[in-house]
Amino acid sequence: MDTIEQEIERLRRDIEQYNHEYYVLNSPTVSDKEYDMLMKKLEQLELQHPEYDDPLSPSHRVGSDLTKGFEQWPHERRMLSLGNTYSIEEVDEFVHRCSDALSGQEFSIVGEMKFDGTSISLHYENGRLVRAVTRGDGEKGDVVTDNIKTIRSIPLRLSGSGWPEKFEIRGEIVLPWKAFDELNAEREFNEEPLFANPRNAASGTLKLQNPAEVARRGLDAYFYYLLGENLPHDNHYDNMMEARKWGFKVSDAMTLLKGIDDVDNYITHWDTERRHLPVATDGLVFKINSLRQQLNLGYTAKSPRWAIAYKFQAERALTRLRFVSFEVGRMGVITPVANLEPVLLSGTIVKRASLHNEDIIQQLDIHEHDMLYVEKGGEIIPKITGVESGDREPDAPSIKFVTHCPACGTELVRIEGEASWMCPNKYGCLPQQTGRLEHFVGRRMMNIDGIGEETATLLFKEGLVKNIADLYDLKPEDIKVLERFGERSADRIMAGLKDSLNVPFERVLYALSIPFAGETVSKKLARAAGSIDRLMAMTSDELTAIDDIGPRIAESVIEYFQNPANREIVERLRAAGLQMEIAADSSTERSDKLNGKTIVISGVFTKHSRDEYKELIESNGGKNSGSISKKTDFILAGANMGPAKLEKAKKLGVPVIDEDTFLNMIAD
Ligand code: IVH
């Protein structure tokens, strides 16, 4: 029988192990529920036995609300920056320079990602984190240990063995794209200024005086530099692989390279492949591997001679603003869009970029015909990041937000608590009506085969469909006579409508376009309420009692169902045969065809989204895991699966199957 102290220690070790599996290896072995239970138990025991408290217990990772100014700490070894280059040729020159300086000795190079976050130095003593210090001015930085402790991928106590009694490890604190997008969406909603990029968001977050808020934002950390005496190996790469065993997140992209050809291939590969990484990177770093050779090569005043950063081409272009258009979404929200002189940006021509809302236009201080900087935010959607005000036309007036709806002329309203203006004419404003129709038939909603965006608008304009319920009154004769439509397309639409009667209630609810009820919220509402009747009857208190449903969503749901026009639509959809309650088996497993199988999803798919595949795996008894290991049974691969993953799969002999094969596997 364990003593209380032993039990507490065992719980701490287990939880740390599960944290590591979840946050570093992307491969959890216990359910969230099990994890929460263990954590609760630990918290309870710690509360009952404060004598065994340990500031590094995993229970302290949630952060406290205490605020205090940051203490400063001098860096034992200065935190330097890296020399930058922008071309393969310059990287090759670096390799030649090193070769010359090492007078022809053999050497290898380590290629790594240059993570775009904020640097951190962690100090460990006897396997325990004692301090986390920001870069500061390079000589001394702020002690941000409490904030760092909230990052669950950072080991507070090390695993494995062989670490030096005292050492320092440096790395980059990053905010993954997903967390960054969520944070900005929330800030937009709360009318707070948006972060321009994940780097600013990460450094801003690290400096917060409120560790509880830091914990909520989802920072992560990658490590790339081990310093100290008595390091386990005489070369950088092996040291990092050792650090990985102690629990640190070291990127899988870190690779030992043998010569210029390897270096060039590494650059070509990651120039595009980096777009698939979950975090922002702004380049690559190449380091001479041997620590002895590093010492030989030495330092300049600012940076090491043994390392160089290759910066990815700044995906930014400068172009002239033609005009700003104001577009009306299906919820009536007005989005300002910059219409630009076409410009080439990382392989595609950009003509338009969202300006999001009035605040952004004001913050950027855009005037008519300004020269604007366009960037690929998140690498996909272009956004305007700045104005070259020196090129402004004299007397160019600043861009004014419209006061009336550009589509229907109704005066816009600015709803309290939101950064955006909206057109209140929900049922008489054309783009809102067609927008809702397009949303309703979309793939993730009712998925009505045969009706795309264009057809939805055409049906509306022809007066055949005025709202979503009218769709189910359509007759083949109505469609056949439309321009460009014939018997075949009419049949296809009728079949699509019929199929949509099987779409589960969660998606029907999402298809209704209830403001603030996105895909996840709709799913939560549907599952908690069980049926549309119950949902319509729920009070604000009952709604906000549902996980993740706040007053704003509750109010919106109530308002939606209070509107007689919406109620009528719901009744007509019910009469047409749509699913208005949760299917009896939707929360239970559909089959056990994938029982005991661990499956990794990789690449881009055409038939279902990644999330849908994840659900399919789980509902058929399988387990979805983020990283490939010996335990992986197979990889469900779409297009563009990363070559690193493919190679790893090959090495471990893990089968790779495509989506059709997978769907066949689970088909009834
Ligand atoms: S090595 C003496 N490796 O880039 C060498 N730095 O301009 C110290 N960074 O301050 C840095 N990824 O914040 C190194 N794989 C990587 C990196 C990296 C990002 C950042 C780091 C540093 C800056 C140097």
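The structure contained in this document is the topic of the report that follows. In this numbering scheme, every chain counts its residues from 1 along its sequence in written order. Confidence filtering applies because this is a predicted model: local features only for residues at pLDDT of at least 70, side-chain atom pairs given and counted only at 80 or more, and all residues used for totals across whole chains, interfaces and linings. Values shown for side chains rest on all heavy atoms present in the structure; no hydrogens or waters enter the calculation.

**A look at the packing of aromatic side chains**
Reasoning step 1: Pairing of aromatic rings covers Phe, Tyr and Trp, the last counted by its six-membered ring, and requires centre-to-centre distances within 6.5 Å; plane angles under 30 degrees mean stacked, over 60 mean edge-to-face, and any other angle means tilted. Under the definition given, this model contains 19 aromatic pairs.
Reasoning step 2: Summarising the aromatic geometry, the rings of Phe440 and Tyr472 are spaced 6.3 Å apart at their centres and angled 85 degrees between planes, so their arrangement reads as edge-to-face. Residue Phe440 is found in helix 12 (residues 430–441), and its partner Tyr472 is found in the loop between helix 13 (453–461) and helix 14 (476–480); the two are separated by 32 residues along the sequence.
Reasoning step 3: Each member of the aromatic cluster is reached from another via a ring pair, and the members are Tyr124, Phe167, Phe223, Trp246 and Phe248.
Reasoning step 4: Lying over the aromatic face of Trp73, Arg131 brings its terminal NZ or CZ to 3.6 Å of the ring centre.
Reasoning step 5: The side chain of Arg316 reaches across the aromatic face of Tyr373, ending 3.9 Å from its centre. Only DSSP runs of H or I with at least four residues qualify as helices, and only runs of E with at least two residues qualify as strands; both kinds are numbered from the N terminus onward. A ring is considered to have a charge above it if a Lys NZ or an Arg CZ atom is located within 6 Å of its centre and within 35 degrees of its normal.

**As for the sheet that holds strand 10 (residues 281–288)**
Reasoning step 1: Sheet architecture is open: five strands sit in the order 2-11-10-3-9, paired in mixed fashion. Unpaired on one side and paired on the other, strand 2 (84–85) and strand 9 (255–257) mark the two borders of the sheet.
Reasoning step 2: Strands strand 2, strand 3 (109–115), strand 10 and strand 11 (307–311) of the sheet are contacted by helix 3 (residues 88–101), whose axis makes an angle of about 175 degrees with strand 11.
Reasoning step 3: Any two residues whose heavy atoms approach within 4.5 Å at even a single point are treated as in contact. Fitted lines through C-alpha atoms serve as axes, helices being fitted only where they are in contact, and the angles separating the N-to-C directions of these axes extend from 0 to 180 degrees. Contacts between helix 9 (residues 260–273) and the sheet are confined to strand 3, strand 9, strand 10 and strand 11, with strand 10 contributing the most and set at about 165 degrees to the helix. Should DSSP find at least two bridges between two strands, the strands are taken to pair.

**Quick look at the pairing of strand 7 (residues 166–174)**
Reasoning step 1: The buried fraction of strand 7 amounts to eight of the nine residues, a majority that puts the element mostly inside the structure.
Reasoning step 2: Two strands pair when backbone bridges link them, and strand 4 (residues 118–125) and strand 7 are joined in this way by eight bridges, in the antiparallel orientation. Bridge pairing in strand 7 links Leu122 to Ile169.
Reasoning step 3: As paired strands, strand 7 and strand 8 (residues 220–227) are joined by seven bridges and run antiparallel to one another. Paired with Glu172 across the strands is Tyr222, a residue of strand 8. Exposed residues in this analysis have more than 50% of their type's maximum accessible area, buried residues have under 20%, and partly exposed residues fall in between, with area computed by a 1.4 Å probe over protein chains only.

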